[in-house]
Amino acid sequence: GAAAPAAAAGGGLNLLPWPKGDFAKFGGSGTPPPSRIKKIFGANPARGLHERGDVRYEVNGSTLWEIAANGTTTNRGTLNTSGGRVDMADNGLQLLIVDGTDGYILTFATNAFAEITDADFVAGDTCAFLNGRFLVSQSSSGRFGWSALYNGLAWDALDFATAESHPDNLRR
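In this text, all values refer to a predicted model and were calculated from it rather than measured experimentally.

1. Describing the overall build of the protein
Inference 1: From N to C terminus, the protein includes 1 helix and 14 strands.
Inference 2: Burial analysis of the protein (172 residues in total) assigns 30% to the buried set.
Inference 3: Of all intrachain contacts in the protein linking residues separated by at least 6 positions in sequence, the fraction that spans at least 24 positions is 36%.
Inference 4: For the protein, the accessible area works out to roughly 10700 Å², and carbon and sulfur atoms hold 55% of it.

Rendered as structure tokens:
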């Protein structure tokens, strides 16, 4: 086949066509300026985000914020840590937050926020929800554990698995 026309000729680059034209007339991309985001939470970046319907949950510093569709923010709880990444997952009833040191549950029906104090909970840095259970990968290991059915506050020491075929640390 014939070679694709050069980009300088206005026809395209390789096989992807690119039309000639001035796209400036369409305006900006619509992305809010960073200064607008800073007005809500100051200079601290978000440690983690989770969306549930039209509500967003954000951990900023040590605070879990609920952000409604209209922009209203509500403090839903305080974590023991104030830096580093957090991960979140929900089961429809609860929001699980892990920060590598501790785990926390926000119960949606009551907005009750609690640290997971079950002695069998093993802190992890990533989490997910699968088939009625929360999954948490133990930091710097190939091991992960799972919660009781639809209850992120209840964990059993025997409910865990380890990567066996290639036993290296779990990554997400």
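That covers the picture; the talk isn't over yet.
2. Remarks on the pattern of salt bridges
Inference 1: Counted by the stated rule, this structure contains 3 salt bridges.
Inference 2: Across the salt bridge formed by Glu58 and Arg56, the nearest N and O atoms sit 3.2 Å from each other.

3. With respect to the confidence of the model for the protein
Inference 1: On average, residues of the protein carry a pLDDT of 81, and 71% of them reach 70 or more.
Inference 2: pLDDT under 50 marks residues 32–39. Its contacts with residues more than four places away, or in other chains, come to 0 contacts.

4. Side note on the sheet that holds strand β7 (residues 87–90)
Inference 1: With respect to topology, 4 strands assemble into an open sheet ordered β7-β8-β9-β10, the strand pairing being antiparallel. Of all strands in the sheet, those bounded by a partner on one side alone are β7 and β10 (112–115). Adjacent strand axes in the sheet meet at a mean angle of 20°, parallel and antiparallel pairs treated alike.
Inference 2: Taken together, the 5 bridges between strand β8 (residues 94–98) and strand β9 (residues 103–107) define a ladder with antiparallel strand orientation.

5. Some remarks on a nonpolar patch on the surface
Inference 1: A cluster of nonpolar side chains, contributed by Leu93, Phe129, Leu149 and Tyr150, occupies part of the molecular surface with about 380 Å² of accessible area.
Inference 2: With respect to the helices and strands, the residue Tyr150 is situated in the loop between β13 (143–148) and β14 (151–162).

6. Comments concerning the side chain of Glu66
Inference 1: By secondary structure assignment, the location of Glu66 is in strand β5 (residues 63–67).
Inference 2: You can call Glu66 buried: its relative accessible area is 14%.
Inference 3: At 3.3 Å, the side chain of Glu66 and the side chain of Tyr57 are in polar contact.
Inference 4: A distance of 3.1 Å separates a polar atom in the side chain of Glu66 from a polar atom in the side chain of Arg76.
Inference 5: Once residues lying within four places of it in the same chain are set aside, the contact partners of Glu66 are Val55, Arg56, Tyr57, Thr72, Thr73, Thr74, Arg76 and Asn111.

7. Brief notes about the packing of aromatic side chains
Inference 1: Summed over all chains, the structure comprises 6 aromatic pairs.
Inference 2: Note on Tyr104 and Phe113: the rings are 5.6 Å apart at their centroids and 10° apart in plane angle, and the pair reads as stacked.
Inference 3: Of the residues examined, Tyr104 reaches a relative accessible area of 1% and is grouped as buried.
Inference 4: Grouping aromatic residues by their ring pairs yields a cluster made of Phe129, Phe134 and Tyr150.
Inference 5: Seen from the ring of Phe108, Arg52 lies directly overhead, with NZ or CZ sitting 3.8 Å from the centre.
Inference 6: Taking NZ or CZ as reference, Arg143 lies 3.9 Å from the ring centre of Phe160, over its face.

Reading guide: rules and limits
Residues numbered from 1 in each chain as written. Predicted model: local features only at pLDDT ≥ 70, side-chain atom pairs only at ≥ 80, totals over all residues. Heavy atoms only, no water. Helix = DSSP H or I, 4+ residues; strand = E, 2+ residues; numbered from the N terminus. Buried < 20%, exposed > 50% of the residue type's maximum accessible area, 1.4 Å probe, protein only. Contact = heavy atoms within 4.5 Å. Areas by Shrake-Rupley, 256 points an atom, 1.4 Å probe, with all protein chains shown as cover. Salt bridge = Lys/Arg side-chain N within 4 Å of Asp/Glu carboxyl O. pLDDT = per-residue confidence, 0-100. Pairing = 2+ DSSP bridges. Axes fitted to C-alpha atoms, helices over the stretch in contact; angles between N-to-C directions. Patch = residues over 30% accessible without salt bridge, like charges linked within 9 Å, V, L, I, M, F, W, Y side chains within 5 Å. Polar contact = N/O pair within 3.5 Å; in protein donor to acceptor, adjacent residues only side chain to side chain. Phe/Tyr/Trp six-rings, centres within 6.5 Å; stacked < 30°, edge-to-face > 60°. Lys NZ or Arg CZ within 6 Å of the ring centre and 35° of its normal.

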